[in-house]
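# Inside the fold
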Amino acid sequence: MYLYLSMKVYKKFLVLLFVMNVMISCSQKKLVSGQINFMQPYCGGARPTPEIIADAAKPKPYANKTLVFVSAKGKIDSVKTNNNGEFSAKLKVGTYKLFEAWRYYKKAAGGLAVSDFDGECLKAEWKKEIKEIIVTKKETKISDKNEIIEICPWNLPCILESHRPPARE
């Protein structure tokens, strides 16, 4: 009888250890890091030199900006990039979408009023994530989704014609 009870307790103990191990491994976070760059076309008024055009074609670090992670379950976290556009965050195993803060918080680009833009067009812009991040126990995969492009003020997507600033000549 004593041996039977001991085996029963032992089996329960093993099951408890297994459950705890699964819970610990699922709740562990992995360090995820990367670099975010953006493109910025030439927005000046004068005819650009070849050097200016070449510089405008180079990616630039998305420095000191807030990024928002959204998990598949809808949980959010944010991180700020450093001077080189690099970020690092501890994330649980799962799939995440990475957004510019203005897109996640449903604001307008460039700090302008949302009322200056076409609402349906903005809704489509807000859905555009920068990257998709898949974190597994063994690896982290970061996929590019949409480029960040700092648009010239007179060429902002979705802006209503009545609010479009004049282009430089």
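Before any of the text, the structure's been laid out above.
Thresholds, definitions, all that
Residues numbered from 1 in each chain as written. Predicted model: local features only at pLDDT ≥ 70, side-chain atom pairs only at ≥ 80, totals over all residues. Heavy atoms only, no water. Helix = DSSP H or I, 4+ residues; strand = E, 2+ residues; numbered from the N terminus. Contact = heavy atoms within 4.5 Å. Pairing = 2+ DSSP bridges. Axes fitted to C-alpha atoms, helices over the stretch in contact; angles between N-to-C directions. Buried < 20%, exposed > 50% of the residue type's maximum accessible area, 1.4 Å probe, protein only. Core = buried A, V, L, I, M, F, W, Y, C linked by side-chain atoms within 4.5 Å. Disulfide = S-S within 2.5 Å. Phe/Tyr/Trp six-rings, centres within 6.5 Å; stacked < 30°, edge-to-face > 60°. Salt bridge = Lys/Arg side-chain N within 4 Å of Asp/Glu carboxyl O.

Check the secondary structure of the chain and you find four helices and 10 strands. When the helices and strands of the chain are read in sequence order from the N terminus, they spell out α-β-β-α-β-β-β-β-β-α-α-β-β-β. Here the analysis covers contacts within the chain between residues at least 6 apart in sequence; of these, 60% occur between residues at least 24 apart.

A few words now on the sheet that holds strand β7 (residues 94-100). Pairing between sheet strands relies on hydrogen bonds along the backbone, with the strands arranged either parallel or antiparallel. Strand order in the open sheet formed by five strands is β5-β4-β7-β8-β9, with antiparallel pairing between adjacent strands. Each having just a single partner strand, β5 (76-80) and β9 (140-144) make up the two edges of the open sheet. Taking the axes of each pair of neighbouring strands and ignoring which way they run, one obtains an average angle of 25 degrees across the sheet. Relative to β5, strand β4 (residues 66-71) is paired through five bridges, and the arrangement is antiparallel. Residue pairing in the sheet places Leu 67 in a bridge with Val 79 of β5.

Time to look at the pairing of strand β6 (residues 86-92). Because side chains alternate across β6, one face comprises the buried residues Phe 87, Ala 89 and Leu 91, and the other comprises Glu 86, Ser 88, Lys 90 and Lys 92, none of which is buried. Note: strand β1 (residues 29-35) against β6, seven bridges, orientation antiparallel. Each bridged residue has a counterpart across the sheet, and for Gln 35 the counterpart in β6 is Glu 86.

Within the largest apolar cluster, 16 residues are counted, with the highest numbers of intra-cluster contacts made by Ile 36, Leu 67, Phe 69, Phe 87, Leu 91, Leu 98 and Ile 133. Those elements giving two or more residues to this core turn out to be β4, β6, β7 and β8 (131-135). Residue contributions to this core peak at three residues, all from β6.

Let us look at the state of the cysteines. Under the definition given, this model contains two disulfides. At a sulfur-sulfur separation of 2.0 Å, the disulfide partner of Cys 43 is Cys 152. Its torsion about the S-S bond being -90 degrees, the disulfide of Cys 43 and Cys 152 is classed as left-handed. With Cys 43 in the loop between β2 (37-39) and α2 (50-56) and Cys 152 in the segment after β10 (148-149), this residue pair connects regions lying 109 residues apart in the sequence. Disulfide pairing is shown between Cys 121 and Cys 158; the S-S distance is 1.9 Å. Taking the sign of the torsion about the S-S bond as the criterion, the disulfide between Cys 121 and Cys 158, at about -65 degrees, is left-handed. Highlighted residues: Cys 121 in helix α4 (residues 119-126) and Cys 158 in the segment after β10, separated in sequence by 37 residues.

Scanning the model with the defined rule gives three aromatic pairs in all. Judged by centre distance (6.2 Å) and plane angle (70 degrees), the rings of Phe 38 and Tyr 62 are edge-to-face. Here Phe 38 is found in strand β2, whereas its partner Tyr 62 is found in the loop between β3 (60-61) and β4, with 24 residues between them in sequence. In this structure, Phe 38 and Tyr 62 share a single accessibility class: buried.

Here the focus is the pattern of salt bridges. Applying the stated criterion to the full structure yields five salt bridges. With its nearest N and O atoms 3.0 Å apart, the salt bridge here joins Glu 125 to Arg 103. Of the two residues, Glu 125 sits in helix α4 while Arg 103 sits in helix α3 (residues 101-104), which places them 22 residues apart along the sequence. In this structure, Glu 125 and Arg 103 share a single accessibility class: buried. Residue Lys 131 pairs with Asp 144 through a salt bridge whose shortest N-O separation is 2.2 Å. Of this pair, Lys 131 sits in strand β8 while Asp 144 sits in strand β9, and the two are 13 residues apart along the sequence. Relative accessible area serves as the criterion here: at 63%, Asp 144 is assigned to the exposed category. A single salt-bridge network, built from bridges that share partners, covers Glu 100, Arg 103, Glu 125 and Lys 128.

Fair warning: the whole summary comes from geometry, so function is off the table for now.
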